[in-house]
Amino acid sequence: MAGRINDDDVKAVRDAVPIDAVVSEYLQLRNAGGGNLKGLCPFHDEKSPSFQVSPSKGLFHCFGCQEGGDTIAFVRKIDHLSFSEAVERLAATAGITLRYEEGGYNPSNQRGERIRLVEAHKAAAQFYIEQLDGPEAEIGRKFLAERGFDQAAAAHFGVGYSPAGWDHLTRFLRGKGFTDKELLTSGLAQESRRNPIDRFRGRLMWPIRDVSGEVVGFGARKLRDDDNGPKYLNTPETPIYKKSQVLYGIDLAKKEIAKSSRAVVVEGYTDVMACHLAGVTTAIATCGTAFGGDHIKILRRLLMDNGSARVIFTFDGDAAGQKAALRAFEDDQKFAAETYIAIAPDNMDPCDLRLAKGDEAVADLVQPRTPLFEFAIRQIVQRYDLETPAGRAAALDEAAPIVARIKNVASQHEVAVQLAGILGILDTQFVVKRVAQLARWARDRGGKGPAPAQHRRQQYESAAPRPAAGPGPALNLRSPAHRTERELLKLALQHPHLVSPAFDAYGTDEFTAPPYAAVRQCIQDAGGATDAPSDYLPAVMDCAPNDVVRALVTELAVEAIHARTVDEAYAGEQLVAVRRRAVDRRLLDIQGTLARLGQNGDPAQLAAVQNELWVLQQYGQALRNKGAAAL
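Described below are features of the structure shown in this document. (Residues numbered from 1 in each chain as written. Predicted model: local features only at pLDDT ≥ 70, side-chain atom pairs only at ≥ 80, totals over all residues. Heavy atoms only, no water.)

**Overview of the packing of helix α11 (residues 269-277) against helix α14 (residues 350-357)**
Reasoning step 1: Two elements in contact, α11 and α14, have axes separated by 7 Å at closest approach and are oriented at 45°. Judged by the inter-axis angle, α11 sits oblique to α14. Contacts from Thr270, Asp271, Ala274, Cys275 and Leu277 of α11 reach α14 at Pro350, Cys351 and Arg354.
Reasoning step 2: Residues that form the contact of α11 with α14 fall into these classes: five nonpolar, one polar and two charged. (Axes fitted to C-alpha atoms, helices over the stretch in contact; angles between N-to-C directions. Helix = DSSP H or I, 4+ residues; strand = E, 2+ residues; numbered from the N terminus. Parallel < 35°, antiparallel > 145°, perpendicular 65-115°, else oblique. Contact = heavy atoms within 4.5 Å. Nonpolar A, V, L, I, M, F, W, Y, C, P; charged D, E, K, R; others polar.)

Right under this line is the structure:
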């Protein structure tokens, strides 16, 4: 085994490779103030950027998942490398030759697995490129030419050719020092009766690169009729290639995607080439699999989920393309970006469209056309006879749950209105209410059986009783309600005298986000905010049931309050806002109870509910008119 890397060399690697340059290969970074940069964390899903990079310190930290460290730690975490592998990779980037404490220089066959597999792919890519110039590859060059791609285009995308023999690449890579085990693990070779043979033979080859630009796999296109394999053959799943986690063209498109906040998703390698050559340099494609959640994670980190971000899908207009679009819509709500679908005339893909009508037609195609939700809804309702009441009702039953999945309430309402127009239902409010009802039911069902991804939320929920009104929505800091709850808790922790004694009368059910309800419980258990003693904060932290809640208390205790002047007036505004929302939620509950009781309910119970409704309405009116004086 190779020895330990020299400490001075490790330090040289840390100093030589700026952490912001490394992180920027994986996500978009923006100014966070104070010399820091911020972006969407690559290690967990989030809507607003909590991942920060300090170029001056050479460190990163995520305030959401608590991952942090230096450049080496980042590379280790994101590419699943050992410490030595991460140092070796960064050293190669910086051109630093490493020394090893035991055994001198590190022989190539002792280097980390990932680095060896990437190097094998890099050598294979160059081998395939060189083969494209040979006589045997004439059929491949003809294929490219017929699709409008010249030699320069092939070179730009690294397109190559795999010879038709059994083991041309295998023998070439063996000569470079790669073992049979490495070639089989990489997916470049496959087992045969005697020795490994080339996986790709007699095919046009596209190198598939990860977001950092390293070749991790290949896509191979059949050229000859006597090739009995599939039309496209991709690298199998390997330690460095997961088809659900790679996007073809992402290495070329990432900077423009980040710059323009736009991404174009096409269906194949030639479509990506056609788009880029036509000036649409944000085009990418999946590699032999449907566009899914892991692909969305890659794009979200580049798009930064700002309000103007757009993702345009260019699926074919045939049945398969429509099915792909509906699958994409299933994941649509994982984007903060607006999603659209563009279908070319005569159902041509971007490659065919460029051949038939030129670059301008391709550029025009990907201008946002039909919102993806509208396309998905129309695909559903067209199966029904909208000329009949029964047909419209059946179409509504299938389409309304689709609209109910839209998380933004304003957008959901707008789409529901459009659905009523598409269906020809004159009572627009009936459709809007139906969608809102389905959305509430979906939230309620979702609160009963948390998925593994909700483990962190469960830790909060176990620490504080849930509101009587039900499980409530998941934590979303862009929600005005949750922002106000957070602000009130910051005041209660940092300036308890400004919110007491009113704050101590607030129940945990007035905080709809489970994490905030847990913190409210901690303050209550520590004796409340009124006449807070000098050891108030430590006491609150001691009452935290676990490290997760304790970390949130710390976070809220140091986070800046969003007001130029922090005084009683501002504190009163937050107190009133939280209380008013609690009152409004209770009013909705009571109105629902009245509707269920109806006119034939128990008179005493009906009178009690009506009295509570009247009292709450009066209290809500007082809060609106008098503000904090009504508390």
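After that view, the rundown keeps rolling.
**Section: the sheet that holds strand β4 (residues 59-62)**
Sheet strands associate in pairs through backbone hydrogen bonding, adopting either a parallel or an antiparallel arrangement.
Reasoning step 1: The strand order β1-β2-β3-β4-β5 describes an open sheet built from five strands, whose pairing is antiparallel. Looking along the sheet, the strands with just one partner apiece sit at the ends: β1 (30-33) and β5 (68-70). Put simply, the sheet's adjacent strands are angled 25° from each other on average, direction ignored.
Reasoning step 2: Of the strand pairs in this sheet, strand β2 (residues 36-39) and strand β3 (residues 51-54) are connected by three bridges, and their pairing is antiparallel. (Pairing = 2+ DSSP bridges.)

**Describing the environment of Glu338**
Reasoning step 1: One can find Glu338 in strand β15 (residues 338-341).
Reasoning step 2: Counting along the chain gives 34 residues from Glu338 to Leu372, while the straight-line C-alpha distance between them is 8.5 Å.

**Details of the pairing of β2**
Reasoning step 1: Only one face of β2 is covered, namely the one carrying Leu37 and Gly39; the face carrying Asn36 and Lys38 has none of its residues buried.
Reasoning step 2: Pairing analysis gives three bridges linking β1 to β2, with the strands arranged antiparallel. Paired with Gly33 across the two strands is Asn36, which belongs to β2.
Reasoning step 3: The turn linking β1 back onto β2 is made up of two residues, and Gly34 within it adopts a positive phi angle of 65°. (Buried < 20%, exposed > 50% of the residue type's maximum accessible area, 1.4 Å probe, protein only.)

**As for the sheet that holds strand β13 (residues 283-285)**
Reasoning step 1: With mixed pairing, five strands are arranged side by side in an open sheet as β13-β12-β14-β15-β16. Strand pairing shows two members of the sheet lacking a second neighbour, β13 and β16 (370-371), which therefore form its edges.
Reasoning step 2: For strand β12 (residues 262-266) and β13, the ladder comprises three bridges, and the chain directions are parallel. Paired with Val266 across the two strands is Ala285, which belongs to β13.
Reasoning step 3: Seen against the sheet, helix α10 (residues 250-260) touches β12 and β13 and runs at an angle of roughly 130° to β13.

**Re the packing of aromatic side chains**
Reasoning step 1: This structure, assessed with the given rule, holds 18 aromatic pairs.
Reasoning step 2: An aromatic cluster of three or more residues is present, and its members are Tyr26, Phe43, Phe51, Phe60 and Phe74.
Reasoning step 3: We note Lys77 situated over the ring of Phe43; from NZ or CZ to the ring centre the distance is 5.7 Å.
Reasoning step 4: We note Arg147 situated over the ring of Phe143; from NZ or CZ to the ring centre the distance is 3.6 Å. (Phe/Tyr/Trp six-rings, centres within 6.5 Å; stacked < 30°, edge-to-face > 60°. Lys NZ or Arg CZ within 6 Å of the ring centre and 35° of its normal.)

**Considerations on the packing of helix α16 (residues 372-381) against helix α17 (residues 389-404)**
Any two packed helices are characterised by the angle at which their axes cross and by the distance between the axes.
Reasoning step 1: Their axes nearest at 9 Å, the elements α16 and α17 cross at an angle of 160°. Relative to α17, the element α16 lies roughly antiparallel. Of the two elements, α16 crosses α17, and the hand of that crossing is right-handed. Contact with α16, carried on its side by Ile377, Ile380 and Val381, involves Ala395, Glu398, Ala399, Ile402 and Val403 of α17 and no other residues of that element. (Left-handed = near helix turned anticlockwise from the far one by under 90°.)

**A short note on helix α12 (residues 293-303)**
Reasoning step 1: Counting buried residues along α12, eight of its eleven residues qualify, which places the element largely inside the surrounding structure.
Reasoning step 2: Buried within α12 are the following residues: His295, Ile296, Ile298, Leu299, Arg300, Arg301, Leu302 and Leu303.
Reasoning step 3: Next to the buried residues of α12 lie β1, α10, β12, β13 and β14 (310-313).

**Description of the side chain of Lys254**
Reasoning step 1: Considering the arrangement of structural elements, one finds Lys254 in helix α10.
Reasoning step 2: Within the structure, the side chain of Lys254 is placed 2.6 Å from the backbone oxygen of Val211, a separation counted as a polar contact.
Reasoning step 3: Leave out the neighbours within four places in its chain, and Lys254 touches Glu25, Val211, Ser212 and Leu302. (Polar contact = N/O pair within 3.5 Å; in protein donor to acceptor, adjacent residues only side chain to side chain.)

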